[in-house]
Amino acid sequence: MENLKLILVIGGTGAQGRPVVKALSESGRYSVRLLTRNPASDQAKELAALPNVTLLQGSQDSQKDLHAAFTGVYGAWVNLDGFTIGEKSEIFYGIRAYEIARHHGVKHYVFANIDYALRKAGWDEQYHCGHNDAKGRVGDLILSHGQSTMKTSLLTTGPYMDMLYDGMFVPKEQADGSFVWENPASDGKIPLIALDDIGVYSLWMFDNPSESAGLDLEVATDQVSFAEIAETFTRVTGKKGVHKCVSLEEYLVKAELYPGAYSNWAVKPDVPRDESFMTWRENFSSWWRYWSEGKGATRDMAFLDRIHASRIPSLEAWMRVKSYDGRPQSVLKDLHELRKNQGP
Ligand SMILES: NC(=O)c1ccc[n+]([C@@H]2O[C@H](COP(=O)([O-])OP(=O)(O)OC[C@H]3O[C@@H](n4cnc5c(N)ncnc54)[C@H](OP(=O)(O)O)[C@@H]3O)[C@@H](O)[C@H]2O)c1
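Computed from a predicted model, the values in this text were never measured in an experiment.

1. Things to note about the domain arrangement of the protein
And then number 1: What the domain assignment lists for the protein is domain 1 (5-159 + 192-218) and domain 2 (163-188 + 222-295 + 312-342).
And then number 2: In this structure, domain 1 and domain 2 have C-alpha centres spaced 24 Å apart.
And then number 3: Facing the 34 residues of domain 1 at the interface are 29 residues of domain 2.
And then number 4: Summing both partners gives a buried area of about 2700 Å² for domain 1 against domain 2, and 57% of it is carried by carbon and sulfur.
And then number 5: Of all residues in domain 1, F83, Y127 and L192 give up the largest surface area on contact with domain 2, accounting jointly for 25% of the area buried on that side.
And then number 6: There are two salt bridges connecting domain 1 and domain 2.
And then number 7: The closest approach of N and O atoms between D274 and K88, which form a salt bridge, is 2.6 Å.
And then number 8: Counting every contact that joins domain 1 to domain 2 gives 14 residue pairs in polar contact (both at pLDDT 80 or more).
And then number 9: The set of elements that each furnish at least two residues to the side of domain 1 that touches domain 2 consists of α4 (82-103), α5 (117-120) and α6 (130-144).
And then number 10: Counting residues per element, the side of domain 1 that touches domain 2 draws most heavily on α4, which supplies seven residues.

2. Observations concerning the pattern of salt bridges
And then number 1: Evaluated as defined, the whole model comprises 25 salt bridges.
And then number 2: For E99, the salt bridge goes to R96, with nearest N and O atoms at 2.8 Å. In this pair, E99 and R96 are both assigned in helix α4, three residues apart and thus about one turn of the helix distant.
And then number 3: Relative accessible area serves as the criterion here: at 21%, R96 is assigned to the partly exposed category.
And then number 4: R339 is the partner of D166 in a salt bridge, and the nearest nitrogen-oxygen pair spans 2.8 Å. Here D166 is found in the loop between β6 (151-157) and β7 (172-173), whereas its partner R339 is found in helix α14 (residues 333-342), with 173 residues between them in sequence.
And then number 5: By relative accessible area, D166 is classed as buried at 2%.
And then number 6: Taken together, the shared-partner salt bridges in this structure form one network comprising D115, K120, E218 and R299.

3. Some points on the sheet that holds strand β1 (residues 5-10)
Think of a sheet as strands paired side by side through backbone hydrogen bonds, with each pair either parallel or antiparallel.
And then number 1: With parallel pairing, seven strands are arranged side by side in an open sheet as β3-β2-β1-β4-β5-β6-β10. Each edge of the sheet is formed by a strand with only one pairing partner; in this case those strands are β3 (53-57) and β10 (216-218). In this sheet, adjacent strand axes meet at a mean angle of 20° when their direction is disregarded.
And then number 2: One ladder, built from three bridges, connects β6 with β10; its direction is parallel. What sits directly across from T156, in β10, is E218.
And then number 3: Seen against the sheet, helix α1 (residues 17-27) touches β1, β2 (30-36), β3 and β4 (75-78) and runs at an angle of roughly 155° to β2.

4. Let's talk about the sheet that holds strand β12 (residues 241-245)
And then number 1: Read across the sheet, three strands follow the order β7-β8-β12 without closing on themselves; strand pairing throughout is mixed. This sheet does not close on itself; its edge strands, each paired only once, are β7 and β12.
And then number 2: Pairing between strand β8 (residues 179-183) and β12: five bridges, direction parallel. Its bridge partner lying in β12, V180 is registered against V242.
And then number 3: Against the sheet, helix α9 (residues 226-237) engages β8 and β12, with an angle of about 160° to β12.

5. Describing the site of the ligand
And then number 1: Not every one of the 28 residues close to the ligand is listed here, only the nearest: T13, T36, Q60, Y160 and K333.
And then number 2: In the model, an oxygen atom of the ligand is placed 3.0 Å from a nitrogen or oxygen of the L80 main chain.
And then number 3: A distance of 2.7 Å separates an oxygen atom of the ligand from a polar side-chain atom of K333.
And then number 4: Considered on its own, the ligand offers 910 Å² of accessible surface; in the complex 96% of this is hidden by protein.
And then number 5: If you list the elements that add at least two residues to the shell around the ligand, you get α4, α6 and α14.
And then number 6: No other element matches α4, which puts three residues into the shell around the ligand.
And then number 7: Here the residues of the shell around the ligand sort into eight nonpolar, 14 polar and six charged.
And then number 8: Each of domain 1 (5-159 + 192-218) and domain 2 (163-188 + 222-295 + 312-342) accounts for three or more of the residues forming the shell around the ligand.

6. A closer look at the environment of A68
And then number 1: Examined against the element boundaries, A68 turns out to sit in helix α3 (residues 63-70).
And then number 2: Each C-alpha atom of the pair A68 and H104 lies 9.8 Å from the other, and the pair is 36 residues apart in sequence.
And then number 3: With residues up to four places along the chain from it excluded, the contact list for A68 reads R33 and L56.

Analysis parameters
- Residues numbered from 1 in each chain as written.
- Predicted model: local features only at pLDDT ≥ 70, side-chain atom pairs only at ≥ 80, totals over all residues.
- Heavy atoms only, no water.
- Domains from an automatic or database assignment.
- Contact = heavy atoms within 4.5 Å.
- Buried area = accessible area lost by both parts, 1.4 Å probe.
- Salt bridge = Lys/Arg side-chain N within 4 Å of Asp/Glu carboxyl O.
- Polar contact = N/O pair within 3.5 Å; in protein donor to acceptor, adjacent residues only side chain to side chain.
- Helix = DSSP H or I, 4+ residues; strand = E, 2+ residues; numbered from the N terminus.
- Buried < 20%, exposed > 50% of the residue type's maximum accessible area, 1.4 Å probe, protein only.
- Pairing = 2+ DSSP bridges.
- Axes fitted to C-alpha atoms, helices over the stretch in contact; angles between N-to-C directions.
- Near = heavy atom within 4 Å.
- Areas by Shrake-Rupley, 256 points an atom, 1.4 Å probe, with all protein chains shown as cover.
- Nonpolar A, V, L, I, M, F, W, Y, C, P; charged D, E, K, R; others polar.

Set out below in structure tokens:
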């Protein structure tokens, strides 16, 4: 293990982090230190069984734990969880994690970013989406410090294509066998990223620091509207897919995870919050506007083809590889745990 470069992965047990841990381990060039609150979770145990992966118990919102985590590592891949720690803490710990990494002499820092919706939408407050903007602000700050001593790279994702299985993008099967996506999506293209390709992009960043240093790599598998999602579904499965556009008001009542949820919905509803916390409804109203109006459809697909030649090329290819049938499956660890705690 001595000649392997050690990478700290924060958020490694999550939907986005798991393929990263797997790709780093499989490469044979890196070892992984994975920060988790719960080393006994199924996800943590599965990853710890991979070659050259060790677990470190700790929390991303503890400076003491961050110091322990960053000590002695070559690189870091950092996905903070806004759905747990909230927008304000995500900004604070996003900055602190970066500063602590610099203190410990980390050589390459990859930040799992999302589009800074408010900035990309021209500072119009109706696009202020807390969980996007928290990461976007931190991403901008990280790149602003330049590339001497520590290389920094942003891996900027949009909504996971895999959310067609879980959470916001799951269609409802109707009695006549058709599948309906009822949501407030406009007709813009949404940059969906297949989680299966996240590991390769992350590995490419660590393997190619001369190209990835200072880079904001906006990734997507395909940029598609909701009408195209429904059409693709019909073509692939032979079942009728329909996008039914409804008003935000009509949608929010049905979609809210639980009454009065906040944007950090993964934490109990009765935990005190101050006025900086957006409600789930406010947060995801902006989220639908930003993505479905096509404001994030800015990915350079030709560049992605070059750095990952065997990437999943399209939504259609993804649906075929997955044998996607419109029925739900668990993707997000947080959502899985919320459902478990809520009971049947
Ligand atoms: N859903 C999407 O389409 C999408 C798209 C792009 C970006 N994102 C962003 O991805 C983030 C969530 O990651 P995910 O999608 O991988 O979700 P996930 O599957 O629910 O996983 C959540 C991850 O966050 C970790 N975590 C949460 N609180 C932590 C804490 N206090 N200390 C240490 N680790 C903590 C969990 O680790 P342990 O439980 O093991 O501690 C787990 O690895 C969010 O910020 C979200 O905005 C989501």
